[in-house]
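# Chain and residue survey
Given next are the chains, with one letter for each unit.
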Amino acid sequence: MTSVPIVYTIKGCIGCVNLLERWDEQGIKYEERRADLDQDIMEEARALGDIVPIVLYPDGKVDVNPDGVIGCYIG
């Protein structure tokens, strides 16, 4: 487990882009994992939810569509 949130995203997901842009502006550190580029990462994401962005916090908490963003279906 990392010490920063892991954010699962896919290319073209405006909800993912908006979340990461907001976090960048706020100086929030994160690790982005692009589920569309790697089948293993896609399976990790699907185990946590079916809509990205999915955030996995260092304490194990999972937040699907954080901050009320409208994401993209990956199920």
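Now for a quick tour of the structure.

Conventions we followed
- Residues numbered from 1 in each chain as written.
- Predicted model: local features only at pLDDT ≥ 70, side-chain atom pairs only at ≥ 80, totals over all residues.
- Heavy atoms only, no water.
- Salt bridge = Lys/Arg side-chain N within 4 Å of Asp/Glu carboxyl O.
- Buried < 20%, exposed > 50% of the residue type's maximum accessible area, 1.4 Å probe, protein only.
- Core = buried A, V, L, I, M, F, W, Y, C linked by side-chain atoms within 4.5 Å.
- Helix = DSSP H or I, 4+ residues; strand = E, 2+ residues; numbered from the N terminus.

### Observations regarding the pattern of salt bridges
The final tally for this structure, using the stated rule, is four salt bridges. Notably, a salt bridge pairs E31 with R33, separated by 2.7 Å at the nearest N-O pair. Look at E31 and you get partly exposed, because its relative accessible area is 26%.

### Regarding the nonpolar core
Counting 13 residues, the largest nonpolar core has Y8, I10, A35, A45, V52, I54 and I74 as the members making the most contacts within it. Contributing elements (two or more residues each) for this core: β1 (6-9), α2 (39-48) and β4 (54-56). Take this core: its biggest share by element is three residues, from α2.

That's the geometry; what it means functionally is another story.
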